[in-house]
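# What the coordinates show
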Amino acid sequence: VPKDWLSWRKDYWTDSSKTEWNKSVAFAPGGGYNGDKGGTYLAEGVRIWFRYPKEGYTWKKSSAIDWSNDWLNGYLRNNRGFTATNDSSESHLPNGQVSKVYQVIGRNDNISEPEKGIIILTGSNKYRVIVELAAPLSKFPGYQVVFGYITQSFITNEATGHPVYN
C-alpha cells in the first residue's frame, strides 16, 4: 500500500455468543476510513478480515462457494445504497481453495460521490479471509496498480467466469 496511508487494527468477537473471532486491518489515506472515530466505514483503501470459529469448532460451510453469497448479502444489508454487479468470478488457488470475487458499486452519505469496490472471499472450515478494496468512482482507476496486485494474489491463470478487475 502507499507509504502515506494510515492503518487500523481491530480484534473482536462478531457476536455475543462468541462463536466467531474477527481480526481486521484497514489501510487507507487520510479520510478514507473512520476507524479513528470508532467507526468501520471504508470509503477509500484496503481492509482485510481474518475470521475464525470458536476454538475447537469448525464451520459447516467450508468453501467460499458455500458461504460467500451469505456474506455478500450481509455486507449489502449493512451498506444500504450498494449493489453487487453481475461481474463476479471464482478461481482455484494453488492449494485447491476457491476464491470468490465480487464487485460492488453504490453511494453512501459518508462521501460525496459513488464508490466502487472489489470484495475477495476465501477460506476453509477453520478460517475465512475477506478482502475489501474501495475507492470513490472518480479515483478508482488510479488504484488499478495497488488493487491489481492484491487481487492477483487471490486468483490463478485457471480462473473461471468474468474478469476480476475492470
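Just so we're clear, the structure is a prediction, and the values are computed from it rather than from any experiment.

### Overview of helix 2 (residues 144–152)
If you check which residues of helix 2 are buried, you get Phe147, Gly148, Ile150 and Thr151. When helix 2 is viewed along its axis, its buried side chains cluster within an angular range of 165° and face the same direction. What points out from helix 2, more than 90 degrees from its buried face, is the exposed set Val145 and Tyr149.

### Re the packing of aromatic side chains
Enumeration according to the criterion identifies seven aromatic pairs in this entry. A connected cluster of aromatic rings, assembled from ring pairs, spans Trp5, Phe140, Tyr143 and Phe147. Residue placement shows Arg128 over the ring face of Trp59; its charged tip is 4.0 Å from the ring centre.

### Remarks on unusual backbone geometry
Positive phi, normally seen in glycine, also occurs at Lys18, with a value near 55°. Along the chain, Lys18 falls in the loop between strand 1 (6–13) and strand 2 (20–28).

### Points about the confidence of the model for the protein
A residue-level look at the protein finds 90% of positions with pLDDT of 70 or above and a mean pLDDT of 84. Low pLDDT, under 50, characterises residues 157–166; the predicted model gives this stretch 26 contacts beyond four residues in sequence or across chains.

### A closer look at helix 1 (residues 64–78)
A rise of 1.5 Å per residue sets the reference length of helix 1, with its 15 residues, at 21 Å; its end C-alpha atoms lie 20 Å apart and thus fit the reference within 8%. Those residues of helix 1 that are buried are in contact with strand 3 (45–53), strand 4 (82–84), strand 6 (98–106), strand 7 (115–123) and strand 8 (128–136).

### Quick notes on the nonpolar core
By size, the foremost hydrophobic cluster in this structure holds 16 residues, and its most contacted members are Trp71, Val104, Ile119, Leu121 and Ile130. The set of elements that each furnish at least two residues to this core consists of helix 1, strand 6 and strand 7. Considering each element in turn, this core owes the most residues, six residues, to helix 1. Among residues more than four places away in sequence, those in contact with Ile119 are Trp71, Leu72, Tyr75, Lys100, Val101, Tyr102, Val104, Ile130 and Val131. Ile118, Leu133, Ala135 and Phe147 belong to the second largest nonpolar core, which has 15 residues in total.

### Quick look at the side chain of Asn22
The topology assignment puts Asn22 in strand 2. A polar side-chain atom of Asn22 sits 2.2 Å from a polar atom in the side chain of Tyr12.

### Notes on the layout of surface pockets
A volume near 590 Å³ is recorded for the largest pocket. Going through the elements one at a time, strand 1, strand 2, strand 3, helix 1, strand 7 and strand 8 are the ones with two or more residues in the lining of the largest pocket. Sort the elements by how many residues they give to the lining of the largest pocket and helix 1 lands first, with six residues. Taken together, the residues of the lining of the largest pocket break down into 10 nonpolar, nine polar and 10 charged.

### Considering the pairing of strand 3
Across a regular strand the side chains alternate sides, sitting on one face of the sheet and then on the other. Most of strand 3 sits out of view: seven of its nine residues are buried. Sheet analysis places strand 2 next to strand 3, joined by eight bridges and oriented antiparallel. Of the residues in strand 3, the one forming a bridge with Ala26 is Arg47. Of the strand pairs in this sheet, strand 3 and strand 8 are connected by seven bridges, and their pairing is antiparallel. Looking across to strand 8, one finds that Arg47 is bridged to Glu132.

### Thoughts on the pairing of strand 7
Counted residue by residue, strand 7 has nine buried out of nine residues, so it is predominantly covered. Alternating positions in strand 7 separate into two faces, Glu115, Gly117, Ile119, Leu121 and Gly123 on one and Lys116, Ile118, Ile120 and Thr122 on the other, with burial throughout. The pairing of strand 6 with strand 7 spans eight bridges and is classified as antiparallel. For Val104, the partnering residue across the bridge sits in strand 7 and is Gly117. Two elements, strand 7 and strand 8, share nine bridges in a ladder whose sense is antiparallel.

Rules and cut-offs
- Residues numbered from 1 in each chain as written.
- Predicted model: local features only at pLDDT ≥ 70, side-chain atom pairs only at ≥ 80, totals over all residues.
- Heavy atoms only, no water.
- Buried < 20%, exposed > 50% of the residue type's maximum accessible area, 1.4 Å probe, protein only.
- Helix = DSSP H or I, 4+ residues; strand = E, 2+ residues; numbered from the N terminus.
- Arc of directions from axis to C-beta.
- Phe/Tyr/Trp six-rings, centres within 6.5 Å; stacked < 30°, edge-to-face > 60°.
- Lys NZ or Arg CZ within 6 Å of the ring centre and 35° of its normal.
- pLDDT = per-residue confidence, 0-100.
- Contact = heavy atoms within 4.5 Å.
- Expected span 1.5 Å × (residues − 1).
- Core = buried A, V, L, I, M, F, W, Y, C linked by side-chain atoms within 4.5 Å.
- Polar contact = N/O pair within 3.5 Å; in protein donor to acceptor, adjacent residues only side chain to side chain.
- 1 Å grid on protein atoms, 1.4 Å probe; cavity = no way out; pocket = protein on both sides within 12 Å on 5 of 7 lines; lining within 4 Å.
- Points joined across faces, edges and corners; volume = space filled by probe spheres on them.
- Nonpolar A, V, L, I, M, F, W, Y, C, P; charged D, E, K, R; others polar.
- Pairing = 2+ DSSP bridges.

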